[in-house]
Amino acid sequence: MKTNNFSRKIFNNWPAKLCCFLFAVCIVFVLRFQMYNSHQVNIPLEVRIPEGYEVVNNLDTTAVLTIRGDRKIIYMIDPSQITAVADFSVVTEAEIEESIRTGVPLIVRTTLVYDKGIVDLSEEIVLTIEPSRVRVLLREVK
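Residues numbered from 1 in each chain as written. Predicted model: local features only at pLDDT ≥ 70, side-chain atom pairs only at ≥ 80, totals over all residues. Heavy atoms only, no water.

## Some details on the overall build of the protein
Across its full length, the protein holds four helices and nine strands. The order of helices and strands in the protein, counted from the N terminus, is α-α-β-β-β-α-β-α-β-β-β-β-β. For the protein, the residues scored as buried account for 20% of the 142 residues in total. When the accessible area of the protein is evaluated, it comes to approximately 10900 Å², of which 57% is carbon and sulfur surface. (Helix = DSSP H or I, 4+ residues; strand = E, 2+ residues; numbered from the N terminus. Buried < 20%, exposed > 50% of the residue type's maximum accessible area, 1.4 Å probe, protein only. Areas by Shrake-Rupley, 256 points an atom, 1.4 Å probe, with all protein chains shown as cover.)

## Things to note about the pattern of salt bridges
Opposite charge on two side chains permits pairing when their charged atoms draw close. Counted by the stated rule, this structure contains three salt bridges. Linking Arg 139 and Glu 54 is a salt bridge whose minimum nitrogen-to-oxygen distance equals 2.5 Å. With a gap of 85 residues between them, Arg 139 in strand S9 (residues 138–140) and Glu 54 in strand S2 (residues 53–55) connect regions that are remote in the sequence. Put simply, Glu 98 and Arg 101 hold a salt bridge, and the shortest N to O gap is 2.6 Å. (Salt bridge = Lys/Arg side-chain N within 4 Å of Asp/Glu carboxyl O.)

## A word on the side chain of Thr 110
Turning to its location among the elements, Thr 110 is positioned in the loop between strand S5 (106–109) and strand S6 (111–114). Reaching out from Thr 110, the side chain makes a polar contact with the backbone oxygen of Pro 131 at a distance of 3.0 Å. Setting aside residues no more than four positions away along its own chain, Thr 110 makes contact with Leu 45, Ala 84, Val 85, Ile 129, Pro 131, Ser 132, Arg 133 and Val 134. (Polar contact = N/O pair within 3.5 Å; in protein donor to acceptor, adjacent residues only side chain to side chain. Contact = heavy atoms within 4.5 Å.)

## Observations concerning the nonpolar core
Grouped together as the largest cluster of nonpolar side chains are 23 residues, with contacts concentrated most on Ile 43, Leu 65 and Phe 88. Mapped by element, the contributors of at least two residues to this core are strand S1 (38–48), strand S3 (62–69), helix H3 (71–74), strand S4 (82–87), S5, strand S7 (125–130) and strand S8 (133–136). Excluding its chain neighbours within four sequence positions, the residues that come into contact with Leu 65 are His 39, Gln 40, Val 41, Ile 43, Ile 82, Leu 112, Leu 127, Thr 128 and Ile 129. (Core = buried A, V, L, I, M, F, W, Y, C linked by side-chain atoms within 4.5 Å.)

In structure tokens form, the structure reads like this:
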């Protein structure tokens, strides 16, 4: 009895095909489990403006916090206790006046503030924030 061409192609060299299939399944599971080592949440973004000035452009009110590290540790961090702050009050008066005159926005790094204090977990986790910098156009309030 003659088998059809399709089944012959499937069952020809089946041990190698089975090994390749199992290898592909293992790669998929490894990639899926690596993604679980990061956690993203939205946190409030506070922008501090110097007194006597107001913001001209639109500002985001939230930032995306990404926590990467060991799965046992990253879920112990309470994101509701973390806020992002862009503090423009540290910018000098000369820089503000130059920005207003030229129309070039001021840029400040975003800083993470943890309400319960700072715990050094730099060996175990990595905290990143997006946006990492905030741009603001200011004008004087009259």
